[in-house]
Amino acid sequence: MRIARFSIDGNVAFGAVEGDGPDGLVLDIIKGIPYADFELSGTKVPLSKVRLLPPVLPNKVVAIGRNYAEHAKELGNAIVDDQGRPEPPVAFFKPTTSVIGSGDSIEYPSFSDELHHEAELAVVIGRMCREVPRERVKDVIFGYTCANDVTARDVQKREKQWARAKGFDTSCPLGPWVETELDPSDLAIQATVNGEQRQLGRTADMIRSIEDLVVHITEAMTLLPGDVILTGTPAGVGPLNVGDEVAVTIEGIGTLTNKVIKRG
C-alpha cells in the first residue's frame, strides 16, 4: 500500500494512493494515523487536486554514509581498515527542519559553492523500538520511500563533520509516498538532473543491509514511529545548480522530484 501525506483546502491528512499513471491516481483518505490500525474512509480525492507533503514528519532522520563501495571509492574513502576489517557504519543526523516533500524546492545554501545530490532508499519506522534483534527488524518497519541526501560537499570537506553540510534547511527531500509492501533487498535506484541520468545502482550493492543498520542504530537509541533511516547512496553523486530539477526514482516506490532555487 502506498501511503501519502497531503494537504487540501488547508487541512492535512493521510491517504492511500490508488490507481496507476499520473492522471489516474486518487487518494482514499485514512481515518486515524497510519502507524496504528486504521480504516479507509472511502472519501477519495484526485492526487492532482492536493499538495503532497513529506510523507512523514520524523522526530529524527538517522543517515548512514559510505554504504556503497563505489560511492566511498569515488570520494576517496576507505571501507576497510589497515587490517582488512570493515569500518563501522558512519551515522549522522539530519534535523526535522531539513525535511521537504516532492515538489518542494531545495534552497541552495548561501555558505556553499558545491551542492551535490545523493539518491537514497529511506526506511520509515512504524513503532517505537530499541535494541531490535535482527529477526524482528521487519516488524518495526512501516515502509520505504525515496530520499535525496542533499550535501554541501565543499563544507563537508572543509569542516570535517557533517552537521551543516548535510543538515541545512531543505537538505532532506522525502517522498512522494511510503510504500508499505516492498522487498527492499534488490531495487534499482537512480538520480537524474534535468532528465540526464547521474546515478544508477541497486540496493543489493549496500555494504550493510537494512537489518544491519536497524540493529546498529537501535543499539544506541530509541526509534519512534515516523523516524527515518537513510541507507546510503550509490556512485555518481554530482553537482546541482540553481534552476536544476533533480529526480530520485526507486523501483517499486516512485519518483521524488525537486527543483533547486536560490536561497532567500
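Here's a quick rundown of the structure. (Residues numbered from 1 in each chain as written. Predicted model: local features only at pLDDT ≥ 70, side-chain atom pairs only at ≥ 80, totals over all residues. Heavy atoms only, no water.)

Before going further, it helps to spend a moment on the environment of Glu135. Relative to the elements of secondary structure, Glu135 occurs in the loop between β11 (119-125) and α2 (137-140). Among the residues examined, Glu135 registers a relative accessible area of 64% and is labelled exposed. A C-alpha to C-alpha distance of 8.4 Å links Glu135 and Glu211, two positions 76 residues apart in sequence. (Helix = DSSP H or I, 4+ residues; strand = E, 2+ residues; numbered from the N terminus. Buried < 20%, exposed > 50% of the residue type's maximum accessible area, 1.4 Å probe, protein only.)

Overall, the coordinates contain three aromatic pairs when judged by the stated rule. Aromatic side chains Phe92 and Trp162 sit 5.1 Å apart centroid to centroid with 75° between the ring planes, which places their arrangement in the edge-to-face category. Taken together, the residues Phe92 in strand β7 (residues 90-94) and Trp162 in the loop between α3 (153-159) and α4 (163-167) connect sequence positions 70 residues apart. Of the residues examined, Trp162 reaches a relative accessible area of 14% and is grouped as buried. Here the basic side chain of Arg164 rests over the ring of Phe111, its NZ or CZ set 4.6 Å away from the ring centre. Geometry around Trp162 places Lys166 over its ring, the cationic atom sitting 5.6 Å from the centre. (Phe/Tyr/Trp six-rings, centres within 6.5 Å; stacked < 30°, edge-to-face > 60°. Lys NZ or Arg CZ within 6 Å of the ring centre and 35° of its normal.)

Another aspect to go through is the pattern of salt bridges. Under the criterion given, the structure shown has 12 salt bridges. A salt bridge links Glu118 to Arg153, with the nearest nitrogen and oxygen atoms 2.7 Å apart. With Glu118 in the loop between β10 (115-117) and β11 and Arg153 in helix α3, this pair connects stretches of sequence that are 35 residues apart. This pair shows no difference in class: Glu118 is buried, exactly as Arg153 is. With a closest N to O distance of 2.7 Å, Asp186 and Arg202 form a salt bridge. Residue Asp186 is found in the loop between β14 (172-179) and β15 (188-193), and its partner Arg202 is found in strand β16 (residues 196-202); the two are separated by 16 residues along the sequence. (Salt bridge = Lys/Arg side-chain N within 4 Å of Asp/Glu carboxyl O.)

We now examine the nonpolar core. In this structure, Leu27 and Ile250 are the most contacted members of the largest nonpolar core, which totals 39 residues. When residues of this core are traced back to their parent elements, those giving at least two are β1 (2-8), β6 (61-65), β11, α2, β12 (141-148), β15, α5 (210-218) and β19 (245-250). Looking at which element gives the most residues to this core, the answer is α5, with five residues. Judged by nonpolar contacts, the second largest core, of 19 residues, contains Phe14, Ala16, Ile30 and Cys172. (Core = buried A, V, L, I, M, F, W, Y, C linked by side-chain atoms within 4.5 Å.)

Reading across from one edge, β13-β10-β18 is the order of the three strands in this open sheet, with antiparallel pairing throughout. Single-partner strands in this sheet number two, and they are β13 (151-152) and β18 (238-240). Summarising the sheet, β10 and β13 pair through two bridges and their orientation is antiparallel. Across the sheet, residue His116 finds its bridge partner in β13, namely Thr151. (Pairing = 2+ DSSP bridges.)

Here the bond from Gly175 into Pro176 is cis, since omega is 5°, no more than 30 degrees from zero. Backbone geometry at Glu131 places phi at a positive 50°, although glycine is not the residue there. When you line up the elements, Glu131 lands in the loop between β11 and α2. Despite not being glycine, Asn194 has its phi angle at roughly 55°, a positive value. For Asn194, the position within the fold is in the loop between β15 and β16.

What follows deals with the pairing of β15. Here β15 runs beside β16; their pairing, made up of six bridges, is antiparallel. Across the sheet, the residue bridging to Thr192 is Gln197, located in β16.

With that settled, consider the sheet that holds β19. If you trace the five strands from one edge of the open sheet to the other, you get β9-β20-β19-β15-β16, paired in mixed fashion. If you trace the sheet from one side to the other, it starts and ends with β9 (105-108) and β16, each paired once. When the angles between neighbouring strand axes are averaged without regard to direction, this sheet yields 20°. Note: β19 against strand β20 (residues 254-262), six bridges, orientation antiparallel. From the neighbouring strand, Ile250 faces β20, where its bridge partner is Gly254. (Axes fitted to C-alpha atoms, helices over the stretch in contact; angles between N-to-C directions.)

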